[in-house]
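Chain by chain, the residues:
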Amino acid sequence: MRGRRLLNPLPLLRTPKPLSRPLAAHFRGARARAAAPAHPSAPLPAPRCGPLAEPDVGISRFASTVPGFRGALKQRYSDFVVHEVARDGALVRLTSFDLPDVDECGDNAEDGDADEDYSRALESFRLLCGEADHDALRGLLGSVLDGGDGNLSPIILSADADKAHRSEVHEFIKRNFKFLITDTVDHSDGIQKCIRVRLGSGPRGGRGRTKRGMGSSGWRDDRPFDSRGSTSWPYHLGKFLRFHLYKENRDTQEALGVIGKMLGVQPRSFGVAGTKDKRAVTTQQVTLFKVHASRLAALNNKLIGIRVGDFSYVNEGLVLGQLKGNRFAITLRNVVAESDDVIKAAVDGLSKNGFINYYGLQRFGSGSVPTHIVGAALLRGEWRHAVSLILGTRVHYKGHGDIDVALSGIPRHLTVERAMLQRLKKYPGNYLQALMAIPKTLRLMYVHSYQSYLWNHAASMRVEKYGILQVVEGDLVYKKGCSLGEAATVDTFDDNGSHTNSPEMEMSYETLPEEVIQSLKIVDSEDLLKAVYTFEDVVLPLPGSETLLPRNEVAGIYHEIAKKDGISLIESVHGIKDFSITGMRGGYRRVLQRPIDFKWDLMTYTEDNVPLVETDLAVLSKTQPSEANKLLSDGTSSCPSCDSSLDASLYTSGSTTDGTEASSEKTKSIGISDLLPKKLAVKLEFTLPASSYATMAIRELTKTSTSVAYQKTLNC
């Protein structure tokens, strides 16, 4: 119940009061209402018909009143170039197709003779762990050196409650006996821990075999060995192949699905820090478990719209959120403005004022039913309605309930719909079971989408009510000197190895580290007097069990919108954690975001089919043409034949964020003929944190909608 106390709307008082006692009466009433459906009389909104518009999901305000201009976004997918920024700040680019300079098959030279004497290391181990563990390890080593294979049983060291000591033992064995693998298992008392040692997959290794009932050792072997990948993987190589994935006009999961199918590996074998836009040219890091670089590189001759390179072996795979952000190079074509000064003023406004850090339309999916609508149905516990929304327009199911006919008409790649229908066939009428057939990360995505929907509305109200020039009493901010700790936007594969059927759909969830919770502060009158904080410090919550709401009128918008949707944010009407706001920790998100390292150019062009930004592949085509030139896509690829025009611009009159003027000396024509009418384009380059949307920055610049429907009118 601790989290529910935090989510309660705070009293709208002029003088701040403690958060605990004023809420007691409210919660007594909330508990009494929990037995009945939340807001039973609230009218439930009908799903929208037609394209999703920005106001539908709370996107309605701007950070400044500076006029914008008209420009087409993503007229060509090569107009939207994205490079991932790794955690160390390095820009992820495709720079080479060369294989790593390591022996993928051989053993480590330092391994020496198979009969090498390990007596010195064993004596050190005796001092570290004692006589009994020394004897056990010596016995295992003897069996290995005598030619033992993967059938060797693991040994279990003595119970050890000291985590620091266990870490030292793990490191010692890893350093001195590279063909052995260690992990930690529970002691039979359920309290203490033991270290398990087994034969690994090095030159002396093989896969260990799980054994239960190891005499008096007192350990519980309920954690399986990691048996994925080759049992003969060279131990001197890292278990993960890291590579850079370059793709054109393809979703990340789609591209990895193609690669996985060619290699015969499951999607779960890949690790990514996040997904990148589909209608774009993007480069990002990927890791792949126990696959040689030579196998992956050989696919470059077969892949369409995809390239892989910059191979290396690492010991750890990528996990979701392990990125610093993304670097964007965006070209707006067919720009129309009253003058160049209008464009310059708009660009300067974006650079100085930033933009409202909304969740973009991508967050809510591209299907006929937005994901937050499905999320609302799940939060209300309307399982049948949610299933109907997810299955969409599958006529034979929606109209007649004929599962067999519906299954026969669904393409194989729509794995989620097929899994739901198959579960319904097995459990007729059990719609919750059908929902549980959806991979967990996708299930969570629907509720996270509704959280984002609430956040967008709250951000709009905060800007409308109080503006962006200052903080106000009751705002939530992070304490000075504390990291913002914003959650990254992440996409992931599910436990069953399948992936989302909608490439445009973004699956995201927010994390809230405990230390971040402790660094939050509610602005009070003293903070205002000292002018400690600015609007850039203001955050708003994605509601969850461990988040605070602002202590001003913005808090009310969360409950107001949720009530209209028949949802309670403080009590769940069902016990399914994955479909409950109170079952999630929640998070915080900065209201205002400024583009980082912002640069821009104003240029003219004559031909629509000529790229205006040089991609990684275009650069590579100059140094490794035999590989780069084989990439064929849909006829609008950044092909090397267009390279001659990539760096040609009639003029540039942009500026960078440091106030220096961009070069304007060159006067060159873009295109085949100087007689063709010239068109205006604006090229933008900037970096954003992982959870921010470049489309929202463009919206602020142009003061126009980023919806697909509106952009189509500009591309005509």
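Residues numbered from 1 in each chain as written. Predicted model: local features only at pLDDT ≥ 70, side-chain atom pairs only at ≥ 80, totals over all residues. Heavy atoms only, no water.

The chain is annotated in an unreviewed UniProt entry as TRUD domain-containing protein of Panicum virgatum. The heading Sequence similarities (unreviewed entry) in the UniProt record of the chain holds the text "Belongs to the pseudouridine synthase TruD family." (UniProt positions renumbered as here; feature names shortened; annotations may be inferred.)

## Structural notes on the pairing of strand β7 (residues 240–248)
Counting buried residues in β7 gives 8 out of 9 residues, a clear majority hidden from the surface. With 9 bridges joining them, β7 and strand β9 (residues 281–289) adopt antiparallel strand pairing. In the strand pairing of β9, Arg-242 is matched with Thr-287. Where β7 meets strand β10 (residues 306–314), 7 bridges bridge the pair, whose relative direction is antiparallel. (Buried < 20%, exposed > 50% of the residue type's maximum accessible area, 1.4 Å probe, protein only. Helix = DSSP H or I, 4+ residues; strand = E, 2+ residues; numbered from the N terminus. Pairing = 2+ DSSP bridges.)

## With respect to helix α18 (residues 555–564)
Regarding α18, the residues found buried are Ala-555, Ile-557, Tyr-558, His-559, Ile-561 and Ala-562. Taken from the residues just after α18, Gly-566 is the one with a positive phi, measuring 75°.

## Examining the side chain of Arg-307
For Arg-307, the location among the structural elements is in strand β10. According to the relative accessible area criterion, Arg-307 is buried, its value standing at 0%. Within the local environment of Arg-307, its side chain forms a polar contact with the backbone oxygen of Asn-300, the two atoms lying 2.6 Å apart. At 3.5 Å, the side chain of Arg-307 forms a polar contact with the backbone oxygen of Leu-303. (Polar contact = N/O pair within 3.5 Å; in protein donor to acceptor, adjacent residues only side chain to side chain.)

## Focus on the environment of Val-336
Structurally, the position occupied by Val-336 is in strand β11 (residues 325–336). As a C-alpha pair, Val-336 and Phe-69 span 267 residues in sequence and 6.3 Å in three-dimensional space. Look past the residues within four positions of Val-336 in its chain and what remains in contact with it is Phe-69 and Arg-70. (Contact = heavy atoms within 4.5 Å.)

## So, the pattern of salt bridges
If you walk through the whole model with that rule in mind, you get 32 salt bridges. Put simply, Asp-578 and Arg-443 hold a salt bridge, and the shortest N to O gap is 2.7 Å. Of the two residues, Asp-578 is situated in the loop between α18 and β16 (587–590) and Arg-443 in helix α15 (residues 440–466); the sequence distance between them amounts to 135 residues. Under the relative-accessibility criterion, Asp-578 is labelled buried at 13%. (Salt bridge = Lys/Arg side-chain N within 4 Å of Asp/Glu carboxyl O.)

## A few points about the sheet that holds strand β15 (residues 538–542)
An order of β14-β13-β15-β16 is seen for the 4 strands of this open sheet, with the pairing classed as antiparallel. Bordering the open sheet on either side are β14 (520–522) and β16, each of which pairs with just one other strand. Pairwise comparison of adjacent strand axes, ignoring direction, gives a mean angle of 50° for this sheet. Across 4 bridges, β15 lies against β16 in antiparallel orientation. Each residue of the ladder has a partner; that of Val-539, found in β16, is Arg-590. (Axes fitted to C-alpha atoms, helices over the stretch in contact; angles between N-to-C directions.)

## Some thoughts on empty space enclosed by the protein
Across all of its chains, the model carries 2 cavities of 30 Å³ or more by this definition. Of the residues assigned to the lining of the largest cavity, the class counts are 6 nonpolar, 5 polar and 1 charged. (1 Å grid on protein atoms, 1.4 Å probe; cavity = no way out; pocket = protein on both sides within 12 Å on 5 of 7 lines; lining within 4 Å. Points joined across faces, edges and corners; volume = space filled by probe spheres on them. Nonpolar A, V, L, I, M, F, W, Y, C, P; charged D, E, K, R; others polar.)

## A short note on the packing of aromatic side chains
Counted under the stated rule, the structure contains 11 aromatic pairs. Geometrically, the ring pair formed by Phe-240 and Phe-289 is edge-to-face, given 5.2 Å between the ring centres and 65° between the ring planes. With Phe-240 in strand β7 and Phe-289 in strand β9, this pair connects stretches of sequence that are 49 residues apart. Aromatic pair Phe-328 and Phe-686: ring centres 5.7 Å apart, planes at 35°, arrangement tilted. Of this pair, Phe-328 sits in strand β11 while Phe-686 sits in strand β19 (residues 679–689), and the two are 358 residues apart along the sequence. For the pair formed by Phe-328 and Phe-686, the shared burial category is buried. An aromatic cluster is built from Phe-80, Phe-328, Phe-598 and Phe-686, whose rings are joined through pairwise contacts. Above the plane of the ring of Tyr-605 lies Arg-333, whose end atom (NZ or CZ) is 5.0 Å from the centre. (Phe/Tyr/Trp six-rings, centres within 6.5 Å; stacked < 30°, edge-to-face > 60°. Lys NZ or Arg CZ within 6 Å of the ring centre and 35° of its normal.)

## Re the packing of helix α9 (residues 371–379) against α15
Helix packing geometry: the angle between the two helix axes and the distance between the axes. Packing of α9 against α15 leaves a shortest axis separation of 7 Å and a crossing angle of 105°. One element, α9, and the other, α15, form an angle in the roughly perpendicular class. In this structure, α9 contributes Thr-371, His-372, Val-374, Gly-375, Ala-376, Leu-378 and Leu-379 to the contact, and α15 contributes Met-445, Tyr-446, Val-447, Ser-449, Tyr-450 and Tyr-453. Along the lines of polarity and charge, the residues of the contact of α9 with α15 split into 9 nonpolar, 4 polar and no charged. (Parallel < 35°, antiparallel > 145°, perpendicular 65-115°, else oblique.)

## A look at the packing of α9 against helix α10 (residues 383–391)
At a minimum axis separation of 8 Å, α9 and α10 run at an interaxial angle of 165°. On the basis of the axis angle, α9 is roughly antiparallel to α10. As for how α9 packs across α10, the hand of that crossing is left-handed. Here Ile-373, Val-374, Ala-377 and Leu-378 of α9 lie close against α10, whose contacting residues are Trp-383, His-385, Ala-386, Leu-389 and Ile-390. Per-class residue counts for the contact of α9 with α10 are 8 nonpolar, 1 polar and no charged. (Left-handed = near helix turned anticlockwise from the far one by under 90°.)

## Some remarks on the pairing of β19
Of all 11 residues in β19, 8 are buried, a share of seventy percent or more. The pairing of β11 with β19 spans 8 bridges and is classified as antiparallel. Each residue of the ladder has a partner; that of Ala-329, found in β19, is Glu-685. Pairing analysis gives 8 bridges linking strand β18 (residues 596–605) to β19, with the strands arranged antiparallel. Pairing of Trp-600 across the sheet is with Leu-684, part of β19.

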